[in-house]
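Each chain, letter by letter, is given below.
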Amino acid sequence: MTIWRPHLPDSEVPLYQAIANAIANDVVSGRLAEGSRLPPQRDLADELSVALTTVTRAYSEAERRGLVSGEVGRGTFVRRQESFHLRRTEAGPESCDLTINSLLPYPMGRELAKGMGRLLSGGDPWSVLDYQPPYGQWRQRQAGARFIHRAGVDGSPDRVLVTSGAQHAMAVVFSTLTNPGDLVLTGELTYSGMKSLANFLHIRLRGLLMDEEGIRPDAFEAACATTGAKALYCMPTLQNPTAAVMSVKRRQEIVAIAEAYELPVVEDDSYGFLIPEAKALASFQTRGTDFYYLTGTSKSLAPGLRIGFLHSPAAMVDRLAAAVSATTFMAAPPMAELVTAWLADGTADKVMEWKRNEARARQKSARRALASFDYRAHPASPHGWLTIPEPWCVSDFVAQAAMRGVLISPADDFAAGRATSTHAVRLCLGPVASRARLDEALSTLVEILEQPPRPGRTVV
Ligand SMILES: Cc1ncc(COP(=O)(O)O)c(C=O)c1O
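Definitions and limits used
- Residues numbered from 1 in each chain as written.
- Predicted model: local features only at pLDDT ≥ 70, side-chain atom pairs only at ≥ 80, totals over all residues.
- Heavy atoms only, no water.
- Pairing = 2+ DSSP bridges.
- Helix = DSSP H or I, 4+ residues; strand = E, 2+ residues; numbered from the N terminus.
- Contact = heavy atoms within 4.5 Å.
- Axes fitted to C-alpha atoms, helices over the stretch in contact; angles between N-to-C directions.
- Domains from an automatic or database assignment.
- Parallel < 35°, antiparallel > 145°, perpendicular 65-115°, else oblique.
- Left-handed = near helix turned anticlockwise from the far one by under 90°.
- Nonpolar A, V, L, I, M, F, W, Y, C, P; charged D, E, K, R; others polar.
- Near = heavy atom within 4 Å.
- Polar contact = N/O pair within 3.5 Å; in protein donor to acceptor, adjacent residues only side chain to side chain.
- Areas by Shrake-Rupley, 256 points an atom, 1.4 Å probe, with all protein chains shown as cover.
- Core = buried A, V, L, I, M, F, W, Y, C linked by side-chain atoms within 4.5 Å.
- Buried < 20%, exposed > 50% of the residue type's maximum accessible area, 1.4 Å probe, protein only.

**Description of the sheet that holds strand β13 (residues 374–376)**
Okay, step 1: With antiparallel pairing, the 4 strands of this open sheet are ordered in space as β13-β14-β17-β16. Each of the sheet's edge strands pairs with one partner strand only, and the pair in question is β13 and β16 (409–410).
Okay, step 2: Relative to strand β17 (residues 424–428), strand β14 (residues 383–387) runs antiparallel, the two being bridged by 5 bridges. Residue pairing across strands places L386 opposite V425, the latter belonging to β17.
Okay, step 3: Set on the sheet, helix α16 (residues 394–403) makes contact with β14, β16 and β17; between it and β17 the angle comes to about 35°.

The structure is reproduced here in structure tokens:
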């Protein structure tokens, strides 16, 4: 009987890791199906002519990554996988994950301990322990209004809701504005959380042609005229994934078209704090259409300190608050209170300033490292868009990078339709602990691209 045999490409990673990587690849491709049994360790060691301890270590590594589980006396079996989990565990423990847009690990332990201590030892600990209104407390809404005022959004606290993050704000808006089957316009490449949300709410997305500034006005206008769409979802400042930034002229054009067709606009400004002078679409409003503006603290402070602020037309606030109530009931009060205190005492400004500088420094390194490739990003962006040169294809490049310990996201992850013909990947520069580690990861990507791709497997 033939036994499962790992495909072990030439690489510098230790053999046990290469075997664990091969298990990961075969689980991803389906060659190793859920529930299938890996060969007994001694058999595989004989088959590969390697020490038994190497296979034992490889199986432990695969178990540590959540790919398999060992059952005493029965053997080692492939576990059921969630695709998100798989993506993050394909590479080895030393891997460098450039797929998550969490921005720059600002060392905030001291501030956090101090801020939480103050909240709990303050006059009224119930302010963080009790239920609060789904709108958020008034002082939190005031803090939110001041925060978004930076982007030129009218700062009336009674139009601001506190949500459990930007993603939650999106869920609140789209579950209120749309019904299953409705169409929402967005860029042909868009934030993958919008794709998940559309899937969840059973709404359809139509991807609009984009250029270096983001959504093209001609494509937007044509879609407004012909599709009966219910809203536009867009990110004019540091678009995720392409890092595009709309000029003032482009913003005015998009607003004019939305107003002409009275199409509600949902602006996601999660990265706006990185370019403080950039103004929201709503600030270019000349006559009536509905503008929804949302942002969160996951990027500006930390994903664990997540709250969101959602600014909406006055007439919609109660309906949106009902959606907050129906989904999470309220944003977690300790987070909302901590952020409110940090926005007032300058801590949030300090953290954001640090992140702005760090993002610019990392972007500079990335532009330098990738100077001979088609790499695009605004200098303030925490992510960038790398077009893969011929003859590489994106999937081979992403797989090869994962084998070398660098995880990156292919363009298809962001395609508003089924797939995109764009041969590009998104690189997030923020999640890696140090600039030196990021530089290493970028050099690995360059090394890979400078080699020809490995000859492909023959499919018969
Ligand atoms: C454009 C965009 N919007 C929203 C989110 C979600 O943010 P939050 O963590 O605040 O829900 C992200 C996270 O990556 C994002 O990139």
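**Structural notes on the domain arrangement of the chain**
Okay, step 1: Taken domain by domain, the chain consists of domain 1 (15–89), domain 2 (109–345) and domain 3 (349–450).
Okay, step 2: Between the C-alpha centres of domain 1 and domain 2 there is a distance of 42 Å.

**A few points about the packing of helix α7 (residues 138–149) against helix α14 (residues 333–345)**
Okay, step 1: Viewed as axis vectors pointing N to C, α7 and α14 meet at an angle of 50°, and their least axial separation amounts to 9 Å. Judged by the inter-axis angle, α7 sits oblique to α14. The two elements α7 and α14 cross, and the hand of that crossing is left-handed. Contact residues: R139, Q140, A143 and F147 in α7; A336, E337, T340 and L343 in α14.
Okay, step 2: The residue inventory of the contact of α7 with α14, partitioned by class, reads 4 nonpolar, 2 polar and 2 charged.

**Examining the site of the ligand**
Okay, step 1: Looking at the ligand, the residues that line it are G165, A166, Q167, Y191, M235, N240, D268, S270, Y271, S298, K299 and R306.
Okay, step 2: Between the ligand and the protein, one listed contact pairs an oxygen atom with a side-chain N or O atom of K299 at 2.6 Å.
Okay, step 3: In the complex, the protein chains occlude 91% of the 400 Å² of accessible area that the ligand would expose alone.
Okay, step 4: Elements represented by at least two residues in the shell around the ligand include exactly α8 (166–177) and α12 (297–300).
Okay, step 5: Residues that form the shell around the ligand fall into these classes: 4 nonpolar, 5 polar and 3 charged.

**Focus on the nonpolar core**
Generally speaking, soluble globular proteins have nonpolar side chains that are buried together.
Okay, step 1: One finds M108, I148, L274, L305, I307, F309 and W342 to be the most contacted residues of the largest nonpolar core, which totals 37 residues.
Okay, step 2: Those elements that place two or more of their residues in this core are α7, β4 (160–163), α14 and α15 (347–369).
Okay, step 3: In terms of residue count, α14 provides more of this core than any other element does, 5 residues in total.
Okay, step 4: Both of domain 2 (109–345) and domain 3 (349–450) provide at least three residues apiece to this core.
Okay, step 5: Discounting residues that sit within four places of it in the chain, I148 has contacts with V153, V160, Y293, T295, F309 and H311.

**Re the pairing of strand β1 (residues 68–71)**
Along any regular strand the residues' side chains alternate between the sheet's two faces.
Okay, step 1: Here β1 pairs with strand β2 (residues 75–78) via 4 bridges, running antiparallel. For V68, the partnering residue across the bridge sits in β2 and is V78.
Okay, step 2: Turn length for the β1-β2 hairpin, with the two strands adjacent in sequence and antiparallel, is 3 residues, and the turn residue G73 shows positive phi of about 80°.

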